[in-house]
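# Notes for the structure review
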Amino acid sequence: MPELPPALISTWQQLGQTLGLAQSSAIYATVSAAHIVGIALLFGGIAPVALRFLGGMASLGEAAVRSLQRLAVGGLVLAAGTGVLLISVKPADYLASPVVWAKFALIATATAHALWFHWVRRRSRVPVLDSPGAALAASGAASLLLWLAVIGLGRWIAFAV
Ligand code: HEM
């Protein structure tokens, strides 16, 4: 597991103290709720698009797919921002956990996959939704599995740290 510099860990912890997350369960619960809203927006955007790529949800057109993808990006930004704040309560403990690092690795993999896929689709300029092929279906399945695994690891953290 990577070792972060002690100065970074103590600055991170200071952030939690300054914002009151460490002292107030109401503030912590609010940030935690916002984290869950971010997850809901992310997965709520990803799931219908992935199912469309897998050949279902035929009524979803290009414009709807683009809107859902933007919703998912907003959800990811909210989940990542609030996630950084949640860690600030006890950064040394969280960052010593392999479950946390596995979650980071999967978030990075899932995000890289989404960016790569977006880039390929923009370059090809082919209206692939008309006849979703095996590559699109594989990408939809990978996306679903990766984000489900991130959700599973996120829940697991509570029992591992
Ligand atoms: C950089 C991004 C993220 C960071 C730093 C982060 C960090 C955290 C932390 C510290 C917790 C609290 C764990 C505990 O209970 O002690 C948590 C909970 C959780 N996270 Fe994240 N997270 C991030 C992004 C995400 C994303 C993108 C997802 C899902 C798509 C996700 C899913 C979850 C879930 C399901 C929980 C459990 C929520 C609950 O049961 O209250 N996280 N995360």
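Structure: see above.
### Brief notes about the overall build of the chain
Counting secondary structure elements, the chain contains six helices and zero strands. Listed N to C, the secondary structure of the chain is α-α-α-α-α-α in terms of helices and strands. Considering the chain as a whole, with its 161 residues, one finds that 24% of them fall into the buried category. Expressed as a percentage of contacts within the chain between residues at least 6 apart in sequence, the contacts between residues at least 24 apart total 84%.

### Describing the site of the ligand
Near the ligand there are 23 residues, and of these Gly83, Leu86, Gly154, Ile157 and Ala158 occur at the shortest range. Elements represented by at least two residues in the shell around the ligand include exactly α2 (25-53), α3 (62-87) and α6 (134-160). Counted by class, the shell around the ligand contains 18 nonpolar, four polar and one charged residues.

### Remarks on α2
Between its terminal C-alpha atoms α2 stretches 41 Å, which fits the 42 Å expected from 29 residues at 1.5 Å a residue. Residues Val31, Gly38, Ile39, Leu41, Leu42, Gly45, Ile46, Val49, Ala50, Arg52 and Phe53 constitute the buried set of α2. Once α2 finishes, Gly55 follows within two positions and takes phi at roughly 105°, a positive value.

### Topic: the nonpolar core
If you look at the biggest cluster of nonpolar residues, it comprises 18 residues, and the most contacted ones within it are Leu42, Ile46, Ala72, Ala110 and Val150. Listing elements by their share of this core, those giving two or more residues are α2, α3, α5 (98-124) and α6. Broken down by element, this core gets its largest block of residues, seven residues, from α2. Beyond its immediate sequence surroundings of up to four residues, Val150 is in contact with Lys103, Leu106, Ile107 and Ala110.

### Comments concerning α5
With 27 residues, α5 should cover 39 Å at 1.5 Å per step; its first-to-last C-alpha distance of 39 Å lies within 8% of that length. Three or more residues of α5 are buried, namely Val100, Lys103, Leu106, Ile107, Ala110 and Ala114. Where α5 is buried, its residues meet α4 (91-95) and α6.

### With respect to the packing of α2 against α6
To describe two helices that pack against each other, one gives the angle between their axes and the distance between the axes. Running from N to C, α2 and α6 cross one another at 155°; their axes reach a closest spacing of 8 Å. One element, α2, and the other, α6, form an angle in the roughly antiparallel class. In the packing of α2 onto α6, the handedness of the crossing is left-handed. Each of Ile39, Leu42, Phe43, Ile46, Ala47, Ala50, Leu51 and Phe53 in α2 lies in contact with α6, whose residues at this interface are Leu136, Ala137, Ser139, Gly140, Ser143, Leu144, Trp147 and Ile151. Broken down by class, the residue content of the contact of α2 with α6 amounts to 13 nonpolar, three polar and no charged.

### Description of unusual backbone geometry
Glycine aside, residues mostly have negative phi, and peptide bonds are mostly found in the trans state. Phi angles above zero are rare outside glycine, and Met57 is one such case at about 45°. Note that Met57 resides in the loop between α2 and α3.

### Focus on the packing of α2 against α3
Close contact between α2 and α3 brings their axes to 7 Å; oriented N to C, the two are set at 150°. Our classification of the angle between α2 and α3 gives roughly antiparallel. Relative to α3, α2 is oriented so that their crossing is left-handed. Along the lines of polarity and charge, the residues of the contact of α2 with α3 split into 19 nonpolar, 10 polar and one charged.

### Thoughts on the environment of Pro2
Within the secondary structure, Pro2 sits in the segment before α1 (6-19). For Pro2, a count of 6 C-beta atoms within 10 Å translates into the label exposed. C-alpha separation for the pair Pro2 and Val89, spaced 87 residues apart in sequence, amounts to 19 Å.

Conventions adopted
Residues numbered from 1 in each chain as written. Predicted model: local features only at pLDDT ≥ 70, side-chain atom pairs only at ≥ 80, totals over all residues. Helix = DSSP H or I, 4+ residues; strand = E, 2+ residues; numbered from the N terminus. Buried ≥ 20, exposed ≤ 12 C-beta atoms within 10 Å, placed from the backbone. Contact = placed C-beta atoms within 7 Å. Near = placed C-beta within 6 Å. Nonpolar A, V, L, I, M, F, W, Y, C, P; charged D, E, K, R; others polar. Expected span 1.5 Å × (residues − 1). Core = buried A, V, L, I, M, F, W, Y, C linked by C-beta atoms within 7 Å. Axes fitted to C-alpha atoms, helices over the stretch in contact; angles between N-to-C directions. Parallel < 35°, antiparallel > 145°, perpendicular 65-115°, else oblique. Left-handed = near helix turned anticlockwise from the far one by under 90°.

In short, shape yes, function no, at least from these values alone.
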